[in-house]
Amino acid sequence: MTKEDTESLIKQNFNKYEVFIAAGGDGTVHTVATELVGTNKILGVLPLGSGNGFAKEFGFKMNVRSLLADIKKANSMDIDVIEINDKLCLNVAGIGLDSFVAHSFNDLKLRGFLPYVWLTFKTFLALRPFPVTIKVDGDIVVSEKLFVLTIANTRQFGNNAFIAPEACPNDGIIDIVLIKPFPKILGSLFIIRLFTKRINKSKYVRHFKTDKEIVIETSETRFHIDGEPLDISGKVVIRIKKEVLKVLKTTGYKFVDS
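Every value quoted in this text rests on a predicted model; they were computed, and no experiment measured them.

A.B. asks: Just checking my understanding: could you explain the pattern of salt bridges for this structure?
C.D. replies: Oppositely charged side chains can form a pair if their charged atoms are brought close together. If you walk through the whole model with that rule in mind, you get 10 salt bridges. The residue Glu213 makes a salt bridge to Arg239 at a minimum N-O spacing of 2.9 Å. With Glu213 in the loop between strand 10 (205-210) and strand 11 (214-218) and Arg239 in strand 14 (residues 236-248), this residue pair connects regions lying 26 residues apart in the sequence. Residue Glu220 is joined to Arg222 by a salt bridge in which the shortest nitrogen-to-oxygen separation is 2.9 Å. Owing to a relative accessible area of 15%, Glu220 belongs among the buried residues under this scheme. Note on Arg222: relative accessible area 32%, which makes it partly exposed. Because the salt bridges share partners, they merge into one network encompassing Glu83, Glu213 and Arg239.

Shown next, in the form of structure tokens:
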């Protein structure tokens with residue numbers, strides 16, 4: 001089913017159902033959620049993708065019986081969504097290693113975990129710093145070269161790779177994670193930190209939070225939003241839209257309400 005088919009299906013059935021289930025990966029979740037933002041409809045997920053970052057953050061599992069039990073209860077939580085120019089971000093977005101891999105993987109004929117790992121390693125070896133200027137509420141707070149710039153609403157890319165361990169999707173805050181150029185011999189250490197929620201402990205990483213408007217200026221155009229590659233030229237304006245999406249509460253999952 002194409003993105004357009006999914007959007008059409010939701011519109012045709014919008015008034016018939018209270019809960020809409022995205023069966024797929026983060027791209028499918030993003031498509032369904034975009035149609036539900038700002039409404040009283042509830043988003044649920046049956047994770048069938050490779051990373052499933054959003055599903056993992058909210059406790060969704062590939063268990064239809066459990067999902068049906070949650071749907072029957074229809075309890076929900078209100079979460080924030082990040083607005084990036086005219087696009088919405090549920091999970092994470094940014095520029096750098098992850099976005100370069102997303103662009104290259106999109107053009108790759110092979111799919112699966114091993115081709116992705118191979119492509120990430122190849123991209124990392126060729127990685128060069130890119131210049132970035134970040135303004136918060138009109139004031140310059142960053143002007144330097146980076147390996148990675150991540151805009152986070154939740155904690156992880158997917159597969160339990162925690163790029164923003166302190167992020168919370170209903171705190172009204174945008175988390176920005178900056179990874180400065182570092183010796184590539186330390187790459188394996190960064191991977192360990194990423195999967196143990198300790199990436200922000202590195203001296204090469206800066207993490208700050210804001211609820212103000214952010215403007216990013218860079219010559220690099222290869223972005224990703226929720227893992228989907230796209231090109232953005234010129235200024236990138238980022239705002240937080242507070243508690244505009246209802247997400248199904250999952251059985252046994254502990255979530256900190258705002």
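A.B. asks: Whenever I open this one, the packing of aromatic side chains confuses me. Can you help?
C.D. replies: Any two aromatic rings considered together are summarised by their centre-to-centre distance and by the angle between their planes. With the rule as written, the count across this model stands at 9 aromatic pairs. Measuring from centroid to centroid gives 6.1 Å for Phe182 and Tyr204, while their planes differ by 55°, and the two rings are tilted. Within this pair, whereas Phe182 is found in the loop between strand 9 (174-179) and helix 7 (187-195), its partner Tyr204 is found in the loop between helix 7 and strand 10, the two being separated by 22 residues in sequence. The pair formed by Phe182 and Tyr204 is uniform in burial state, with each residue classed as buried.

A.B. asks: What should I look at first to understand the layout of surface pockets in this one?
C.D. replies: Estimated volume of the largest pocket: approximately 1500 Å³. Along its surface, the largest pocket is lined by 47 residues, and Asp98, Val101, Tyr116, Thr120 and Phe157 are the ones closest to its centre. When contributions to the lining of the largest pocket are tallied by element, the ones reaching two or more residues are helix 2 (26-36), helix 5 (97-107), helix 6 (113-125), helix 7 and strand 13 (228-231). Grouping the amino acids of the lining of the largest pocket by side-chain chemistry returns 25 nonpolar, 17 polar and 5 charged. Empty space within the second largest pocket amounts to approximately 340 Å³.

A.B. asks: Hey, could you run me through the side chain of Glu57 in this one?
C.D. replies: With respect to the element layout, Glu57 can be found in helix 3 (residues 53-57). A polar atom in the side chain of Glu57 sits 3.1 Å from the side chain of Arg155.

A.B. asks: Got a minute to help me understand the nonpolar core in this structure?
C.D. replies: A general trend in soluble globular proteins is that nonpolar side chains are found buried together. One finds Ile84, Ile134, Ile151, Ile216 and Ile238 to be the most contacted residues of the largest nonpolar core, which totals 49 residues. With sequence-adjacent residues up to four places away left out, Ile238 is seen in contact with Ile82, Glu83, Ile84, Ile151, Ile174, Lys212, Glu213, Ile214 and Ile216. Val29, Val32, Ala33 and Val81 belong to the second largest nonpolar core, which has 26 residues in total.

A.B. asks: What exactly am I supposed to notice about the packing of helix 1 (residues 3-13) against helix 2 here?
C.D. replies: The axes of two packed helices give the description: the angle between them and the distance between them. Closest axis-to-axis distance for the helix 1/helix 2 pair is 10 Å, and the angle between their directions is 35°. In the packing of helix 1 onto helix 2, the handedness of the crossing is right-handed. Seen from helix 1, the contacting residues are Lys3, Thr6, Glu7, Ile10 and Lys11; seen from helix 2, they are Thr31, Val32, Glu35 and Leu36. Tallied by class, residues from the contact of helix 1 with helix 2 come to 3 nonpolar, 2 polar and 4 charged.

A.B. asks: Quick question: what am I supposed to make of unusual backbone geometry here?
C.D. replies: Note on backbone geometry: most residues besides glycine have negative phi, and most peptide bonds are trans. Of note in the backbone geometry, Asn160 takes a positive phi value of approximately 60° without being a glycine. Following the sequence through the fold, Asn160 ends up in the loop between strand 8 (148-152) and strand 9.

A.B. asks: Before we go on, may I ask you to explain the environment of Leu230 in this structure?
C.D. replies: Considering the arrangement of structural elements, one finds Leu230 in strand 13. Sequence spacing of Leu230 and Arg193 is 37 residues, and the spatial spacing of their C-alpha atoms is 27 Å. The residues contacting Leu230, other than those within four sequence positions of it, are Lys87, His103, Thr221, Arg222, Phe223, His224 and Ile225.

Reading guide: rules and limits
Residues numbered from 1 in each chain as written. Predicted model: local features only at pLDDT ≥ 70, side-chain atom pairs only at ≥ 80, totals over all residues. Heavy atoms only, no water. Salt bridge = Lys/Arg side-chain N within 4 Å of Asp/Glu carboxyl O. Helix = DSSP H or I, 4+ residues; strand = E, 2+ residues; numbered from the N terminus. Buried < 20%, exposed > 50% of the residue type's maximum accessible area, 1.4 Å probe, protein only. Phe/Tyr/Trp six-rings, centres within 6.5 Å; stacked < 30°, edge-to-face > 60°. 1 Å grid on protein atoms, 1.4 Å probe; cavity = no way out; pocket = protein on both sides within 12 Å on 5 of 7 lines; lining within 4 Å. Points joined across faces, edges and corners; volume = space filled by probe spheres on them. Nonpolar A, V, L, I, M, F, W, Y, C, P; charged D, E, K, R; others polar. Polar contact = N/O pair within 3.5 Å; in protein donor to acceptor, adjacent residues only side chain to side chain. Core = buried A, V, L, I, M, F, W, Y, C linked by side-chain atoms within 4.5 Å. Contact = heavy atoms within 4.5 Å. Axes fitted to C-alpha atoms, helices over the stretch in contact; angles between N-to-C directions. Left-handed = near helix turned anticlockwise from the far one by under 90°.

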